[in-house]
Amino acid sequence: MPEVLKAPLVVEFPFTRSLGPVQSAFLTGLRERVVLGVRTGDGRVLVPPVEYDPVTAEEIRDLVEVAPTGTVTTWAWNHAPRRGQPLTTPFAWALVRLDGADTALLHALDAPGPDTVHTGMRVRVRWAAERTGAITDIACFEPYDGPPGEPARHTGAFADPVTGIVAAARLDYTYAPGRAQTAYINALTGRRTVGERCPACRKVYVPPRGACPTCGVATSEQVEVGPRGTVTTFCIVNIKAKNLDIAVPYVYAHIALDGADLALHGRIGGIPYDEVRMGLRVEPVWTEGARYPDHYRPTGEPDADYDTYKELL
Ligand SMILES: [Zn+2]
């Protein structure tokens with residue numbers, strides 16, 4: 001069997017969120033080296049603070065300051081920090097109950113090794129040198145054997161509160177398409193399209209996913225389909241996408257390749273956008289070095305009869 005493909009894949013986008021009164025106060029406090037919690041109706045102090053009591057659902061707004069020192073309630077050692085994590089050297093993820101709080105805050109604990117960390121150990125906040133009003137204003141926790149710290153005792157509201165944050169959501173992983181899609185991708189390098197036939201219902205799926213979505217059984221029989229096909233449905237794209245150098249309007253279509261029981265999609269070119277129609281016969285157009293057809297163009301054949309593709313809509 002040929003080697004199964006894999007490739008690095010990064011999905012990343014900035015996520016902008018507003019904070020609301022409690023998170024705004026919490027993050028603004030961190031900027032000023034003050035850790036704030038909220039006091040619930042029955043007197044518990046929650047850090048990090050929340051807007052509603054998790055037990056009674058009552059709205060809570062009673063902000064209280066806690067100390068920058070605390071106790072590890074549980075922890076796990078991180079042998080291999082990843083990009084974007086608080087420290088670049090191995091560290092502990094720890095839940096720390098700050099002095100004056102009843103709940104624990106998750107953050108990094110900078111310690112020489114896992115044998116130096118234990119539940120119950122005393123730690124304190126190490127503040128970031130530059131603070132912007134984010135959880136990263138706490139650079140990490142560090143071991144501490146002094147007396148409990150004092151709250152910073154700020155008075156009144158902070159000037160210029162932080163009201164929103166931009167959090168970079170990022171997924172950075174290795175994608176392995178599996179046996180069936182590996183065969184599909186490898187065939188495309190030879191400008192051939194290969195699907196797989198279900199042994200039960202005999203339908204041919206392109207691209208193949210290694211199992212029939214209807215019958216739930218594994219597929220293995222490979223079937224070459226196309227290269228020609230039929231437009232089953234389509235849409236007209238009027239909005240120019242960022243980083244996509246295609247003049248609008250253009251047509252994006254579902255195309256049932258001859259021999260396939262599932263439509264794939266592609267752009268339709270070589271015909272005015274308002275002349276594209278269901279049943280239009282098309283063929284792929286390749287550009288040099290591309291792994292996929294650039295677009296599909298009309299073959300000039302008569303349109304396909306509706307009955308030949310109505311099951312594929
Ligand atoms: Zn099937």
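An unreviewed UniProt entry lists the chain under the name DNA-binding protein, with Streptomyces lomondensis as the source organism.

What follows concerns the pattern of salt bridges. Note that side chains of opposite charge can pair when their charged atoms are close. Considering all chains together, one arrives at 24 salt bridges under this definition. One salt bridge connects E32 with R31, and the closest N-O pair in it is separated by 2.7 Å. With its nearest N and O atoms 3.1 Å apart, the salt bridge here joins D172 to R170. Since its relative accessible area comes to 29%, R170 is described here as partly exposed. Where salt bridges share partners, they join R228, D258, R281, E283, R297 and E301 into one cluster.

The subject of this paragraph is the UniProt feature "domain: ChsH2 C-terminal OB-fold" (unreviewed entry) in the chain. UniProt feature "domain: ChsH2 C-terminal OB-fold" (unreviewed entry): in the numbering of this structure it lies at residues 64–127 and 223–286. For residues 64–127, the helix share is 0%, the strand share is 50%, and the end-to-end C-alpha distance is 19 Å. The distance separating the terminal C-alpha atoms of residues 223–286 is 21 Å; by composition the span is 0% helix and 47% strand.

Moving on, we come to the nonpolar core. Core analysis: the largest hydrophobic core is formed by 27 residues, its most contacted members being V35, L98, L109 and F141. In this structure F141 touches V96, L98, L105, H107, A108, L109, D110, V123, R124, V125 and R126, once residues within four positions along its chain are discounted. Membership of the second largest hydrophobic core comes to 21 residues, among which are L257, L264, W286 and Y296.

Moving on: the sheet that holds strand β12 (residues 204–205). With respect to topology, three strands assemble into an open sheet ordered β12-β11-β13, the strand pairing being antiparallel. For this open sheet the edge positions go to β12 and β13 (221–225), each flanked by a neighbour on one side alone. Along the sheet face, helix α2 (residues 178–188) touches β11 (193–197) and β13 and points at about 155° away from the line of β11.

How each quantity is defined
Residues numbered from 1 in each chain as written. Predicted model: local features only at pLDDT ≥ 70, side-chain atom pairs only at ≥ 80, totals over all residues. Heavy atoms only, no water. Salt bridge = Lys/Arg side-chain N within 4 Å of Asp/Glu carboxyl O. Buried < 20%, exposed > 50% of the residue type's maximum accessible area, 1.4 Å probe, protein only. UniProt positions renumbered as here; feature names shortened; annotations may be inferred. Helix = DSSP H or I, 4+ residues; strand = E, 2+ residues; numbered from the N terminus. Core = buried A, V, L, I, M, F, W, Y, C linked by side-chain atoms within 4.5 Å. Contact = heavy atoms within 4.5 Å. Pairing = 2+ DSSP bridges. Axes fitted to C-alpha atoms, helices over the stretch in contact; angles between N-to-C directions.

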